[in-house]
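One-letter residues, chain by chain:
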Amino acid sequence: MGKTYERIDGRLRAFIESQPVFFTATAPLAGDGHVNLSPKGRAGTLVVLDELTLAYLDFGGSTAETLAHLRENGRITLMWCSFDGPPTVVRVHGRGEAVFRDDPRFAGLIGHFDPAADGSGLRAVVLVHAERVSDSCGFAVPFMDYRGDRDLHAQYFDRKTDEEFATYCEGKELVGTSLDGLPALPLPLPPRAR
């Protein structure tokens with residue numbers, strides 16, 4: 001039977017940090033807006049900062065729906081599933097914010113991540129402040145074997161300079177605004193502080 005927790009304790013933290021993939025869910029305030037659900041991976045791109053705060057790296061890609069929804073209303077849910085070992089699903093419901101590259105907090109937040117995880121194509125750090133932490137059975141979640149991270153994303157963006165990445169973001173549909181016309185990634189993309 002599922003339980004709720006006051007905080008992300010040692011056992012929950014260990015579970016979260018050991019999962020190779022997690023999912024984010026966000027939505028706009030408009031009732032007819034598009035709900036977004038995204039898989040996240042790449043080893044070392046999520047950290048538990050304290051018992052109620054997590055952060056993950058947001059990289060360039062297809063769209064910026066999560067960033068748009070966070071800018072509009074801050075609502076976010078993160079979910080992890082156990083695909084091996086005991087059947088478990090953990091959810092963190094909370095308030096999120098995108099810390100963009102020109103925010104004074106950006107450099108300090110990056111310091112919490114493994115330097116190998118901070119790669120080209122980094123747009124923002126997403127901070128999540130937990131309001132509800134829960135687990136439930138994962139009895140219907142299948143067993144799956146983790147073979148490793150895909151490196152195609154990193155390879156693609158590692159070939160771009162920061163200026164080329166900024167140009168890529170400006171030319172990509174649904175990056176500056178969301179499917180519902182909400183502001184998403186600030187453009188032009190601020191350069192990374194050196």
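Relevant structure appears above.
These lines cover the structure that appears in this document, whether it is placed above or below. (Residues numbered from 1 in each chain as written. Predicted model: local features only at pLDDT ≥ 70, side-chain atom pairs only at ≥ 80, totals over all residues. Heavy atoms only, no water.)

Digging into the pattern of salt bridges
Any two side chains of opposite charge can pair if their charged atoms end up close together. As enumerated under the stated definition, the model contains eight salt bridges in all. A salt bridge links Glu51 to Arg7; its shortest N-O distance comes to 3.2 Å. Here Glu51 is found in the loop between strand 4 (46-50) and strand 5 (53-59), whereas its partner Arg7 is found in the loop between strand 1 (3-5) and helix 1 (10-18), with 44 residues between them in sequence. The exposure class of Glu51 is partly exposed, given its relative accessible area of 42%. Members of the salt-bridge network, linked through shared partners, are Glu97, Asp103 and Arg105. (Salt bridge = Lys/Arg side-chain N within 4 Å of Asp/Glu carboxyl O. Helix = DSSP H or I, 4+ residues; strand = E, 2+ residues; numbered from the N terminus. Buried < 20%, exposed > 50% of the residue type's maximum accessible area, 1.4 Å probe, protein only.)

As for helix 1
Of the residues making up helix 1, those classed as buried are Leu12, Phe15 and Ile16. Axial view of helix 1: buried residues confined to an arc of 95°, hence all on one face. Elements in contact with the buried residues of helix 1: strand 1, strand 4, strand 5, strand 6 (75-81), strand 7 (88-100) and strand 8 (122-137). Of the residues that open helix 1, the one with a side-chain oxygen 3.2 Å from the backbone nitrogen of Arg11 is Asp9. (Arc of directions from axis to C-beta. Contact = heavy atoms within 4.5 Å. Polar contact = N/O pair within 3.5 Å; in protein donor to acceptor, adjacent residues only side chain to side chain.)

A closer look at the packing of aromatic side chains
Following the criterion strictly, the structure yields seven aromatic pairs and no others. When the ring of Tyr156 is compared with that of Phe157, the centres are 4.9 Å apart and the planes differ by 85°; the resulting orientation is edge-to-face. Geometrically, the ring pair formed by Phe157 and Tyr168 is edge-to-face, given 5.2 Å between the ring centres and 80° between the ring planes. Of the two residues, Phe157 is situated in helix 4 (residues 152-158) and Tyr168 in helix 5 (residues 162-171); the sequence distance between them amounts to eleven residues. Residue class for Phe157 comes out buried when judged on its relative accessible area of 3%. (Phe/Tyr/Trp six-rings, centres within 6.5 Å; stacked < 30°, edge-to-face > 60°.)

With respect to helix 2 (residues 65-72)
Of all the eight residues making up helix 2, six are buried; the element is thus mostly covered by neighbouring parts of the structure. For helix 2, every residue scored as buried is listed here: Glu65, Thr66, Leu67, Ala68, His69 and Leu70. Immediately beyond the C-terminal end of helix 2, within one or two residues, lies Gly74, with a positive phi of roughly 80°.

As for the pairing of strand 6
Along a regular strand, successive side chains alternate from one face of the sheet to the other. In this structure, strand 2 (residues 22-26) lies alongside strand 6, joined through three bridges in antiparallel fashion. Counted as the bridge partner of Ala25 is Thr77 from strand 6. The pairing of strand 6 with strand 7 spans seven bridges and is classified as antiparallel. Counterpart to Leu78 in the pairing with strand 7 is Val92. In sequence, strand 6 turns back onto strand 7 through a hairpin of six residues, with Gly85 there showing a positive phi of about 70°. (Pairing = 2+ DSSP bridges.)

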